[in-house]
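The chain contents come next:
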Amino acid sequence: MLIRIRKAWETRGLEPTPEDDYWNRRNFLKAAGLGGLAFGATMLSGFHAPVVGNSPSKPYPAQRNAKYKLDRQLTDEEVATSYNNFYEFAFDKRRPKRLAQRMVTSPWNVKIGGLVERPVTLDVDDLIHRFPLEERLYRFRCVEAWAMAVPWTGFPLKKLLEYVKPSSDAKFVRFVTFLNRQWGPGFSDTGYPWPYHEGLTIEEATNDLTLLVTGLYGKPLPKQNGAPVRVIVPWKYGFKSIKSIVEIQVLKERPKTFWNTVIPHEYDFQANVNPKVPHPRWSQAQETLIGSGERVPTQLYNGYQDSVAGLYK
Ligand SMILES: Nc1nc2c(c(=O)[nH]1)N[C@H]1C(S)=C(S)[C@@H](COP(=O)(O)O)O[C@H]1N2
Ligand SMILES: [Mo]
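Residues numbered from 1 in each chain as written. Chains lettered and ligands numbered in written order. Predicted model: local features only at pLDDT ≥ 70, side-chain atom pairs only at ≥ 80, totals over all residues. Heavy atoms only, no water.

Novice: Any chance you could explain the overall build of the protein chain here in plain terms?
Specialist: When helices and strands are tallied, the protein chain shows eight helices and 14 strands. Expressed as a percentage of its 313 residues, the buried residues of the protein chain come to 56%. When contacts within the protein chain are restricted to residue pairs at least 6 apart in sequence, long-range pairs at least 24 apart make up 71% of them. A total accessible area of about 14,300 Å² is found for the protein chain, and carbon and sulfur atoms account for 55% of it. (Helix = DSSP H or I, 4+ residues; strand = E, 2+ residues; numbered from the N terminus. Buried < 20%, exposed > 50% of the residue type's maximum accessible area, 1.4 Å probe, protein only. Contact = heavy atoms within 4.5 Å. Areas by Shrake-Rupley, 256 points an atom, 1.4 Å probe, with all protein chains shown as cover.)

Novice: Please clarify how the pattern of salt bridges should be interpreted in this entry.
Specialist: Think of it this way: side chains of opposite charge can pair up when their charged atoms draw near. With the rule as written, the count across this model stands at 14 salt bridges. Here E287 makes a salt bridge to R72, at a shortest N to O gap of 2.9 Å. On the criterion of sequence distance, the pair formed by E287 in strand β13 (residues 286-289) and R72 in the loop between β1 (41-42) and β2 (74-75) is long-range, its members being 215 residues apart. For E287, a relative accessible area of 0% puts it in the buried group. Within the structure, one salt-bridge network assembled from shared partners comprises D71, R72, R139, R141 and E287. (Salt bridge = Lys/Arg side-chain N within 4 Å of Asp/Glu carboxyl O.)

Novice: What is the right way to look at the side chain of N85 in this model?
Specialist: In this fold, N85 is placed in the loop between α2 (77-80) and α3 (96-99). A polar side-chain atom of N85 sits 3.0 Å from a polar atom in the side chain of E144. Beyond its immediate stretch of four places on either side in the chain, N85 contacts L14, K93, C142, E144, W146 and K243. (Polar contact = N/O pair within 3.5 Å; in protein donor to acceptor, adjacent residues only side chain to side chain.)

Novice: Explanation requested: the nonpolar core in the structure shown.
Specialist: Buried together is how nonpolar side chains tend to be arranged in soluble globular proteins. Within the largest apolar cluster, 82 residues are counted, with the highest numbers of intra-cluster contacts made by W152, L160, L212, I248 and W259. Residues within four places of W152 in sequence aside, it is in contact with E134, E135, R136, Y138, F140, L211, V213, G215, L216, L221, R230 and I232. (Core = buried A, V, L, I, M, F, W, Y, C linked by side-chain atoms within 4.5 Å.)

Novice: What is the right way to look at the pairing of strand β7 (residues 172-177) in this model?
Specialist: For a regular strand, side-chain orientation follows a simple rule: the groups alternate between the two sheet faces. Along β7, five of the six residues are buried, which leaves the element largely enclosed by surrounding structure. Judged from the six bridges that link them, β7 and strand β12 (residues 245-251) form a sheet pairing that is antiparallel. Looking across to β12, one finds that F175 is bridged to I248. (Pairing = 2+ DSSP bridges.)

Novice: For this particular structure, what's the right way to read the packing of aromatic side chains?
Specialist: Here a ring pair, both rings aromatic, is described through the centre-centre distance and the interplanar angle of the planes. Scanning the model with the defined rule gives 28 aromatic pairs in all. Taken together, a centroid distance of 6.2 Å and an interplanar angle of 45 degrees make the contact between F89 and F178 tilted. Taken together, the positions of F89 in the loop between α2 and α3 and F178 in the loop between β7 and β8 (197-201) put the pair 89 residues apart, joining distant regions of the chain. When its relative accessible area of 4% is taken as the criterion, F178 is described as buried. (Phe/Tyr/Trp six-rings, centres within 6.5 Å; stacked < 30°, edge-to-face > 60°.)

Novice: Before we go on, may I ask you to explain helix α5 (residues 157-164) in this structure?
Specialist: Think of an α-helix as 3.6 residues a turn; residues three or four steps apart then line up on the same face. Buried within α5 are the following residues: L157, L160, L161, Y163 and V164. Buried residues of α5 fall within an arc of 155 degrees about the axis and therefore sit on the same side. Looking at the residues trailing α5, positive phi occurs at K165, about 55 degrees. (Arc of directions from axis to C-beta.)

Right, dumping it as structure tokens:
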């Protein structure tokens, strides 16, 4: 019997086509008056956090940080939580919502170590009580040319790094997702270097914009969006924003990263959003807003140039 091992380049990668088709079709149905599902965009002003609480006993919804403003409508909660890239569960963006529910996300430990003076393992409940949570409205841009705008709840990763005290030779931060074959059918796809892993430079990791996220739309983070804790790096393509983190390591050498290992010529380590650098198989000049299907120009650094351009001089 011939057992065929798939090569890295034969595995299915990040592709723009399926979801573009999906939203175009939805728009078509909507325009034709046939849209049965209540998808749509919520006006920015229409999203309203009911009672703001930031006490350890009631962490959500957290106080919104008014510094972070959007130039577009907030994506509808139903849309942002039912259209997910989470390859541990499925390639199809519609399936993680159901399949991820088998994850057990409490208790959940995150080990923070490497080149730090104070390595620590913290339960996520401990984490959210130790660091004050805030809500931020961020744009989010997937490398597949779809985008959304959502209210994340979390705290700057910088605060956690300050707590563990990186040593002077710290240059990079590595993040690792869980690996549990009972939970994720995707792990059986051996063409991938599981567990999912990502990395940032220490300057990127300690930038004010880089958030450790535990909530979405004023509630604990849904499993399909990376519960119980993920990173959000809003000026980079979405694959850098790693979900369901179990380990954070401070390193001297640049770590390998998941998509860069799978298809190096398509996904680089830096992965900054840039309309002028096309993906080898599609343009990055525009993006489709999920929910409305609207096409808008892509912005350099996803519109966060004021905060991050200095990192790349
Ligand atoms: N562990 C893990 N993290 C991940 C992914 C993944 O498949 N596994 N997909 C990435 C990609 S490609 C994107 S676009 C975002 C999607 O986040 P969302 O489902 O909350 O929109 O998660 C990123 N983080
Ligand atoms: Mo993505």
